[in-house]
Amino acid sequence: MVSLTSAGEATWCPLYSISGICETDMSDFPFDRHSCHVAFTNAMSQEKDVNLTLAGQPTLPEQEHSEFAVLSIEGKRRTSLHLFTVLLPTVAVVLLSLLVFWLPPESERKLTLVGAALLMSLLLLYRADETVSYSGKVPRIVKVVGGGVLMNALIAASAVLSTNMARSPPSCALPVFLVKLSEFVAHRLPCPCPAGRSGIGDDEGGVQNKSFNNAVAREWYTAARALDRVLGLVFTAAYVVLCL
């Protein structure tokens, strides 16, 4: 393209199509910002013969009378869409996972909740992979969702264990120190978990094998409650660490 002024000056401005790759850091996705710097130079001339300048761009002191010119591009992501499609569903998955430990140890709804949380985690992980696959670093939200898949699997295993301890306790008695520790954690440790069913020996107790000693079944039930409380705190702390 040639620009001609009224003074008779002609300026030749050739047009070029340039494509490049800028490394992106989506650690704060979906609230990430990006900065891309593109350097222009003339490989055919020496520094004393070239002075590159870019219109509308501030010239740095080190770029004055230089054969290099740097173009800076700033970008900010629109978060409204990802807020409702990624961020809020991730929060829901975390709450569903931790809600498992709020239910009584004999509840059969535990596996339903953890199954729903695991399925949602896999769907969110697939959704996030399409969006942040070009990131130079792993975004925090991907760490939370990916770690949530593993933790939901562990929560499912712990739910099966605590449910069996409450509904079908073994016939052997627990060691004395474990009984005291379980009673302390289950009854004295502050926790929003409900008490569950207290009638272990009757028909509403949830213990399937009635041949067990009532005291032994109650010990295993208390141990199941204590296990849920401890694991609830552990997985809550794990999610907090993943978010940092």
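Every value quoted in this text rests on a predicted model; they were computed, and no experiment measured them.

What counts as what
Residues numbered from 1 in each chain as written. Predicted model: local features only at pLDDT ≥ 70, side-chain atom pairs only at ≥ 80, totals over all residues. Heavy atoms only, no water. Helix = DSSP H or I, 4+ residues; strand = E, 2+ residues; numbered from the N terminus. Buried < 20%, exposed > 50% of the residue type's maximum accessible area, 1.4 Å probe, protein only. Contact = heavy atoms within 4.5 Å. Areas by Shrake-Rupley, 256 points an atom, 1.4 Å probe, with all protein chains shown as cover. UniProt positions renumbered as here; feature names shortened; annotations may be inferred. Axes fitted to C-alpha atoms, helices over the stretch in contact; angles between N-to-C directions. Parallel < 35°, antiparallel > 145°, perpendicular 65-115°, else oblique. Left-handed = near helix turned anticlockwise from the far one by under 90°. Nonpolar A, V, L, I, M, F, W, Y, C, P; charged D, E, K, R; others polar. Core = buried A, V, L, I, M, F, W, Y, C linked by side-chain atoms within 4.5 Å.

A count of helical and extended segments in the protein chain gives 5 helices and 4 strands. Secondary structure of the protein chain in N-to-C order comes out as β-β-β-β-α-α-α-α-α. Across the 244 residues of the protein chain, 33% fall into the buried class. A separation of at least 24 residues holds for 73% of the contacts in the protein chain among residues at least 6 apart in sequence. When the accessible surface of the protein chain is summed, it comes to about 15,600 Å², and 63% of that surface belongs to carbon and sulfur atoms.

Here we take up the UniProt feature "transmembrane region" (unreviewed entry) in the protein chain. What UniProt calls "transmembrane region" (unreviewed entry) maps, in this numbering, to residues 81–104, 110–128 and 140–161. Between the end C-alpha atoms of residues 110–128 there is a gap of 27 Å, over a span that is 100% helix and 0% strand. Helix and strand shares over residues 140–161 are 100% and 0% respectively, and the end C-alpha atoms of the span are 31 Å apart.

Packing of helix 4 (residues 176–188) against helix 5 (residues 214–243) leaves a shortest axis separation of 8 Å and a crossing angle of 55°. Considering the angle they form, helix 4 stands oblique to helix 5. At the point where helix 4 passes helix 5, the crossing takes the left-handed sense. Here Val179, Ser182, Glu183, Val185, Ala186 and His187 of helix 4 lie close against helix 5, whose contacting residues are Glu219, Thr222, Ala223, Arg225, Ala226, Arg229 and Val230. Class assignment for the residues of the contact of helix 4 with helix 5 results in 6 nonpolar, 3 polar and 4 charged.

It is worth spelling out the nonpolar core at this point. Nonpolar side chains in soluble globular proteins generally cluster together in the buried interior. Val100, Phe101, Ile155, Phe235 and Tyr239 are the most contacted members of the largest nonpolar core, which has 13 residues in total. Looking at this core, the elements with two or more residues in it are helix 2 (109–131), helix 3 (140–167) and helix 5. Among the elements that make up this core, the one with the highest residue count is helix 3 (4 residues). Once residues within four sequence positions are removed from consideration, tyrosine 239 is found in contact with Val94, Ser97, Leu98, Val144, Gly148, Met151 and Asn152. Formed by 11 residues, the second largest nonpolar core is a distinct cluster that contains Met26, Leu124, Val142 and Val145.

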